[in-house]
Amino acid sequence: MLDWEEKRRLIQIVHLYYIEDCTQEQISKKVGLSRSLISKLLQKARDFGLVEVNIKDEEFRTVQLEYQLEKKYNLKDVVVVSTSGLTSEMLKKAVGNAGGYYLSKNLKDVKRIGISWGSTLSELVKEYSFEQKEEVQVIPLVGGLGTKHVEFHSNQLAYELSKKLNGTCSYLYTPAIVKTKELRDRLVLMKDIATVLEEGKNVDVALISVGNPYTNSTMRTLGYIQEDDLQQLHEMGAVGDIASRFFDQDGEAVNHPLNERVIGLSLEQLKQINMVIAVVVGTEKVEGLASALKGEYIDVLILDEKAALKLIKA
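None of these values were measured; they are calculated from a predicted model.

Draft legend 1. Here's a closer look at the environment of Val-81. Inspection of the secondary structure assignment puts Val-81 in strand 1 (residues 77–81). In this structure Val-81 comes out as buried when scored by relative accessible area, which is 12%. Once the C-alpha coordinates of Val-81 and Ile-302 are considered, the two residues, 221 residues apart in sequence, prove to be 7.7 Å apart. Excluding residues within four positions of it along the chain, Val-81 makes contact with Thr-62, Leu-91, Ala-94, Val-95, Ala-98, Leu-303, Asp-304 and Glu-305.

Draft legend 2. Up close: helix 2 (residues 24–31). Every buried residue belonging to helix 2 is among Gln-24, Ile-27, Ser-28 and Val-31, and all of these are buried. Along helix 2, the residues classed as buried sweep out an arc of 105° about the axis, all on the same side. Turned more than 90 degrees from where helix 2 packs its buried face, Lys-29 and Lys-30 sit exposed. Following helix 2 by one or two positions, Gly-32 adopts a phi angle in the positive range, close to 75°.

Draft legend 3. Up close: the sheet that holds strand 1. The parallel open sheet is built from seven strands, whose spatial order is 1-9-8-5-2-3-4. In the strand order of this sheet, the two ends are held by strand 1 and strand 4 (168–169), each with one partner. Taken together, the four bridges between strand 2 (residues 112–115) and strand 3 (residues 137–140) define a ladder with parallel strand orientation. Within strand 3, the residue paired with Arg-112 across the bridge is Gln-137. Here helix 7 (residues 154–165) sits on the sheet in contact with strand 2, strand 3, strand 4 and strand 5 (205–208), set at roughly 170° to strand 3. Against the sheet, helix 9 (residues 191–201) makes contact with strand 2 and strand 3, and its axis sits at roughly 110° relative to strand 3, the strand it touches most.

Draft legend 4. Local environment of the packing of helix 6 (residues 119–127) against helix 7. Following both chains from N to C, one finds helix 6 and helix 7 inclined at 20°, their axes separated by 9 Å at the closest point. In this view, helix 6 runs roughly parallel relative to helix 7, as classed from their interaxial angle. Helix 7 is crossed by helix 6, and the crossing has left-handed handedness. Contacts between helix 6 and helix 7 involve Leu-121, Ser-122, Val-125, Lys-126 and Glu-127 from the first element and Leu-157, Glu-160, Leu-161 and Lys-164 from the second. Its residues placed into classes, the contact of helix 6 with helix 7 shows four nonpolar, one polar and four charged.

Draft legend 5. Layout of the nonpolar core. Ile-242, Leu-289, Ile-298, Leu-301, Leu-303 and Leu-311 are the most contacted members of the largest nonpolar core, which totals 59 residues. Looking at which element gives the most residues to this core, the answer is helix 14 (residues 286–294), with five residues. Other than its neighbours up to four places away in sequence, Ile-298 contacts Leu-75, Ile-208, Val-210, Val-276, Ala-278, Leu-289, Ala-292 and Leu-293. In this structure, Leu-157, Leu-165, Ile-277 and Val-300 belong to the second largest nonpolar core, which totals 29 residues.

Draft legend 6. Main features of empty space enclosed by the protein. Applying the stated criterion across every chain, the model contains one cavity of 30 Å³ or more. Each pocket or cavity is described by its volume, and for the largest cavity that value is around 40 Å³. In this structure, the largest cavity is lined by Leu-141, Ile-242, Ala-243, Arg-245, Leu-265, Ser-266, Leu-267 and Leu-270. Taken together, the residues of the lining of the largest cavity break down into six nonpolar, one polar and one charged.

Draft legend 7. Seen up close, the pattern of salt bridges. Per the counting criterion, the structure on display carries 11 salt bridges. Of the charged contacts, one joins Lys-181 and Asp-185 as a salt bridge, the two residues approaching to 2.9 Å between their closest N and O atoms. In this pair, Lys-181 and Asp-185 both sit in helix 8 (residues 181–187), four residues apart, roughly one turn of the helix. Here Arg-220 ties to Glu-227 by a salt bridge, and the two come within 2.1 Å at their closest N and O atoms.

Draft legend 8. Local environment of the environment of Ile-208. Here Ile-208 lies in strand 5. Residues Ile-208 and Tyr-73, spaced 135 residues apart in sequence, show a C-alpha to C-alpha distance of 17 Å. Setting aside anything within four residues of it in sequence, one finds Ile-208 in contact with Ser-116, Leu-121, Ile-242, Leu-270, Val-276, Ile-277, Ala-278, Val-279 and Ile-298.

Rules and cut-offs
Residues numbered from 1 in each chain as written. Predicted model: local features only at pLDDT ≥ 70, side-chain atom pairs only at ≥ 80, totals over all residues. Heavy atoms only, no water. Helix = DSSP H or I, 4+ residues; strand = E, 2+ residues; numbered from the N terminus. Buried < 20%, exposed > 50% of the residue type's maximum accessible area, 1.4 Å probe, protein only. Contact = heavy atoms within 4.5 Å. Arc of directions from axis to C-beta. Pairing = 2+ DSSP bridges. Axes fitted to C-alpha atoms, helices over the stretch in contact; angles between N-to-C directions. Parallel < 35°, antiparallel > 145°, perpendicular 65-115°, else oblique. Left-handed = near helix turned anticlockwise from the far one by under 90°. Nonpolar A, V, L, I, M, F, W, Y, C, P; charged D, E, K, R; others polar. Core = buried A, V, L, I, M, F, W, Y, C linked by side-chain atoms within 4.5 Å. 1 Å grid on protein atoms, 1.4 Å probe; cavity = no way out; pocket = protein on both sides within 12 Å on 5 of 7 lines; lining within 4 Å. Points joined across faces, edges and corners; volume = space filled by probe spheres on them. Salt bridge = Lys/Arg side-chain N within 4 Å of Asp/Glu carboxyl O.

Have a look at this one:
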């Protein structure tokens, strides 16, 4: 226990430090004690509960979640976007903006950026600020042809992002999923397609998202998967998809014909890329996201707060 005199001295030092905003050096001169002792007395005041530090900014919650997720899933970095006061549409823009900002701040020595497809990555590209990065090339990681929701397709996203960077881009002139495995095998041997696929394997940074094939699925919206496909995928234990590749709860590719008809990087090839940044919005994506993390496909994760809270418990 503290005696009266000691407690009074501690409160005097605490008042000078926290209320009067004095430095430890200034306090040292005022009370006639060494600076090192002032530091120890400030810590003692906290230890005895005379001082409580409360961080009131709502961003503190998200920072805590970032550290927890980074540690739990052994990630290089995590960015959690607060959901407070945001509609679903506003939230997707906010997460897209966070993803674009993160990418912009981590482009040192980056010459090639790979990009997948989907509505979340579309928001990232829309929110990205214009820069002068003429040396950067953007490469689609999966085929991107079609007439529905062209703004979500990988070729379009590669083009739009390259414009924002004032760089260049490649095009993968094929749908993400073709009708048969035989057609896929023929197409990937074509020089123009094979060249872009090879470029995709050698990007410095990959931008991806994680999909839920059963809820709010862009692949379903675009007609790549049908009801019978969903039934089969469910029976095979598929929980998510990355760049049109379906995987199970262990993060392993499922043995479904759809995976054999994709023109784009495989999950194993994705894993070899130095930095894979996943941008994810929505709690319905969490089961697939947790499995993708188990499969070690992701290095940096950018997501919304509600999804982060659910992922902590996954």
